[in-house]
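Chain by chain, the residues run as shown.
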Amino acid sequence: MRVLVTGGAGYVGCHAVDALLRAGHEVRVYDNLELGHAGAVPLGLLIEGDLAEGDKLSDVLSEQRIDAVMHFAAYSTVGESVTDPGRYWHNNVLGTLSLLDAMRATNVRSLVFSSTCATYGVPKKSPIAESTPQDPVNPYGMSKLTIERALADYASAYGLGYAALRYFNACGASPHGHLGEAHANESHLIPICLQAALGQSESVTIFGVDYPTRDGTCIRDYIHVDDLADAHLRALERLSPGAGLRLNLGTGRGFSVREVIDACRRVSGREIHVEIGTRRTGDPPELVADPSRAREVLGWTARYSEIDPIVETAWQWHVAHPAGYPDGPGAAFEHS
Ligand code: UFG
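Bear in mind the structure is a predicted one, so any value in this text is a computation, not a measurement.

### Examining the sheet that holds strand β11 (residues 244-249)
One key point about sheets: their strands pair by backbone hydrogen bonds, in either a parallel or an antiparallel sense.
Right, so step 1: Here we have seven strands laid out as an open sheet, ordered β3-β2-β1-β4-β5-β6-β11, and parallel in their pairing. At either end of the open sheet lies a strand with only one pairing partner, and these are β3 (46-48) and β11. On average, each strand axis in the sheet is inclined to that of its neighbour by 20 degrees, with strand direction left out of account.
Right, so step 2: The pairing of strand β1 (residues 2-6) with strand β4 (residues 68-71) spans four bridges and is parallel. Its bridge partner being in β4, Leu-4 is matched across the sheet by Val-69.

### Details of the site of the ligand
Right, so step 1: Contacts to the ligand come from 21 residues, most closely from His-188, Leu-189, Thr-205, Arg-280 and Asp-283.
Right, so step 2: Contact between the ligand and Thr-205: a nitrogen atom at 2.7 Å from a main-chain N or O atom of the residue.
Right, so step 3: Contact distances for the ligand include 2.6 Å between an oxygen atom and a side-chain N or O atom of Arg-280.
Right, so step 4: Coverage of the ligand by the protein chains reaches 92% of its 680 Å² of free accessible surface.
Right, so step 5: Examining the composition of the shell around the ligand, we find that three residues originate from one element, strand β8 (residues 204-207), more than from any other.
Right, so step 6: Residues that form the shell around the ligand fall into these classes: twelve nonpolar, six polar and three charged.

### Quick look at the environment of Val-297
Right, so step 1: One can find Val-297 in helix α9 (residues 292-298).
Right, so step 2: A C-alpha to C-alpha distance of 8.7 Å links Val-297 and Leu-247, two positions 50 residues apart in sequence.
Right, so step 3: What Val-297 contacts, discounting residues up to four positions off in sequence, is Arg-238, Leu-245 and Leu-247.

### Observations regarding the sheet that holds strand β14 (residues 286-287)
Right, so step 1: Strand order in the open sheet formed by three strands is β12-β9-β14, and the pairing between neighbours is mixed. Of all strands in the sheet, those with a lone pairing partner are β12 (255-256) and β14, marking the two edges.
Right, so step 2: Pairing of strand β9 (residues 219-220) with β14 involves two bridges; the strand directions are parallel. Counterpart to Arg-220 in the pairing with β14 is Leu-287.

### Side note on the packing of aromatic side chains
Each aromatic ring pair is described using two quantities: the centre-to-centre distance and the angle formed by the ring planes.
Right, so step 1: If you walk through the whole model with that rule in mind, you get four aromatic pairs.
Right, so step 2: Centroid distance Tyr-75 to Tyr-88: 5.6 Å. Interplanar angle 55 degrees. Geometry classified as tilted. Of this pair, Tyr-75 sits in the loop between β4 and α3 (78-83) while Tyr-88 is found in helix α4 (residues 85-105), placing the two residues 13 residues apart along the sequence.
Right, so step 3: What makes Tyr-75 buried here is its relative accessible area of 10%.
Right, so step 4: A relative accessible area of 0% places Tyr-88 in the buried class.
Right, so step 5: Each ring, one from Tyr-88 and one from Tyr-140, has its centre 6.3 Å from the other, and the planes form 85 degrees; the classification is edge-to-face.

### Looking at the state of the cysteines
Joining two cysteines, a disulfide is a covalent bond between their sulfur atoms.
Right, so step 1: This model, assessed by the stated rule, comprises zero disulfides.
Right, so step 2: Considering cysteine sulfurs only, Cys-264 is the nearest to Cys-171, which forms no disulfide, with 9.6 Å between them.
Right, so step 3: The class of Cys-171 is buried, set by a relative accessible area of 2%.
Right, so step 4: Unpaired in terms of disulfides, Cys-218 finds its nearest cysteine sulfur in Cys-117, a separation of 12 Å.
Right, so step 5: By relative accessible area, which is 5% here, Cys-218 ends up buried.

### A look at unusual backbone geometry
Among all residues except glycine, the phi angle is most often negative; among peptide bonds, the trans geometry is most common.
Right, so step 1: A cis geometry characterises the amide bond from Ser-126 onward to Pro-127, with omega recorded as 0 degrees.
Right, so step 2: The topology assignment puts Pro-127 in the loop between β5 (110-116) and α5 (139-158).
Right, so step 3: In the Ramachandran plot, Asn-107 falls in the positive-phi region, its phi being about 60 degrees despite a non-glycine side chain.
Right, so step 4: The topology assignment puts Asn-107 in the loop between α4 and β5.
Right, so step 5: Taking the relative accessible area as the measure of exposure, Asn-107 reaches 52% and is therefore exposed.

Definitions and limits used
- Counting restarts for each chain: residues are numbered from 1 in the order of the written sequence.
- For this predicted model, a pLDDT threshold of at least 70 governs which residues receive local features, and a threshold of 80 or more governs which side-chain atom pairs are given and counted, while totals over whole chains, interfaces and linings are taken from all residues.
- To get the side-chain values, take all heavy atoms of the structure and skip hydrogens and water.
- Two strands pair under a simple rule: DSSP has to find at least two bridges between them.
- We count a stretch as a helix when DSSP gives it H or I for four or more residues in a row; a strand needs E for two or more, and each element gets its number in order from the N terminus.
- Every angle, taken between N-to-C directions, lies between 0 and 180 degrees, and every axis is a line fitted to C-alpha atoms, over only the stretch in contact when it is a helix.
- By convention in these notes, a residue is near a molecule or strand provided one of its non-hydrogen atoms lies within 4 Å of it.
- A 3.5 Å cut-off defines polar contacts: any pair of N or O atoms within that distance qualifies, except that in protein one atom must be a possible hydrogen donor and the other a possible acceptor, and neighbouring residues in sequence count only when both atoms are side-chain atoms.
- Only the protein chains shown count as covering a residue, and every accessible area follows the Shrake-Rupley method with a 1.4 Å probe.
- Residues are grouped as follows: Ala, Val, Leu, Ile, Met, Phe, Trp, Tyr, Cys and Pro are nonpolar; Asp, Glu, Lys and Arg are charged; every other residue, Gly included, is polar.
- Working rule for contacts: check all heavy atoms of both residues, and any pair within 4.5 Å makes them a contact.
- Two rings belonging to Phe, Tyr or Trp (six-membered ring only in the last case) form a pair when the distance between their centres is within 6.5 Å. Interplanar angles under 30 degrees mark stacking, angles over 60 mark edge-to-face geometry, and anything in between is tilted.
- Between buried and exposed lies partly exposed: a residue is buried under 20% and exposed over 50% of the maximum accessible area for its type, with that area taken using a 1.4 Å probe on protein chains only.
- Cysteine sulfurs are considered disulfide-paired once they come within 2.5 Å of each other.

Purely geometric stuff here, so don't read any function into it on its own.
Below you can see the structure in the form of structure tokens.
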């Protein structure tokens, strides 16, 4: 297939591009490079553009003879979505509607969409199955849920075939060493710990030690980015017109913040200084997936289910790329 990957210069998107190419698909990346890295996209595949440019999207879809779209382009920082929700409603909601309408206009009917466990809000039960009521507690989760609802309507009325994949905590890096996590203003736990291990920061602050969990810190389901990419490929092959798949992507195992910090110490062999802070607004105590439906529907299970091997891939990336991606289009691929 020839697949357009929006946000293919971003963290999860670039790993999906790599997996698509390795599986023999043709790829075009559509990214405005606001948060993505030109260096993370193989040479010749990047088309610079914004989701809001509907006519440009339509031109790309038809001129490049695209068969299917994987849609990663979005803002995804929970805290920022609370302080600046307009960004999330415009980019994540209106931007995606612009993409959906361009797909409709050019008769491209297959879409794999990045959704999130943040659509569940603070669930009453753990692990979380897809039947759990979706009740987001922040604008980020609401923006993704809004699009899930739009996708269902576009499927029944216009014949769209889609998969909404609800990621738990994406993490890790390509074991091939050329792709990894490089956010400006990093807020995610594992890279923050590894930056502290590298001496790039003084310490890690634990956001709350008074949660009703086994050690008082929040529990999350850490899913390796290559496992996410694998699930996207499988979902792409199972799309059917007028129908939707809604699937959780997680390991089914939860690790606490303290357990993740300990894993980062073990893997790096370095001390990581910890400070105890207050709770971060909007953090549910525990988010762990029940991934059994993805196993049944896609034949998918996470290959990385232990935390240490996940952290090892991230550590290799951070050691080799302490300043993130090398500059220049396709730079990550020059020696791979
Ligand atoms: N944490 C700390 N200190 C830090 C950073 C994080 O204690 O410096 C804690 C958080 O409070 C949380 C856990 O580590 O309990 C994981 O935090 P992350 O920021 O790494 O990830 P989140 O669970 O907040 O967010 C991720 C994705 C979101 C998605 C969300 C769903 O980044 O896009 O999962 O809950 F919406």
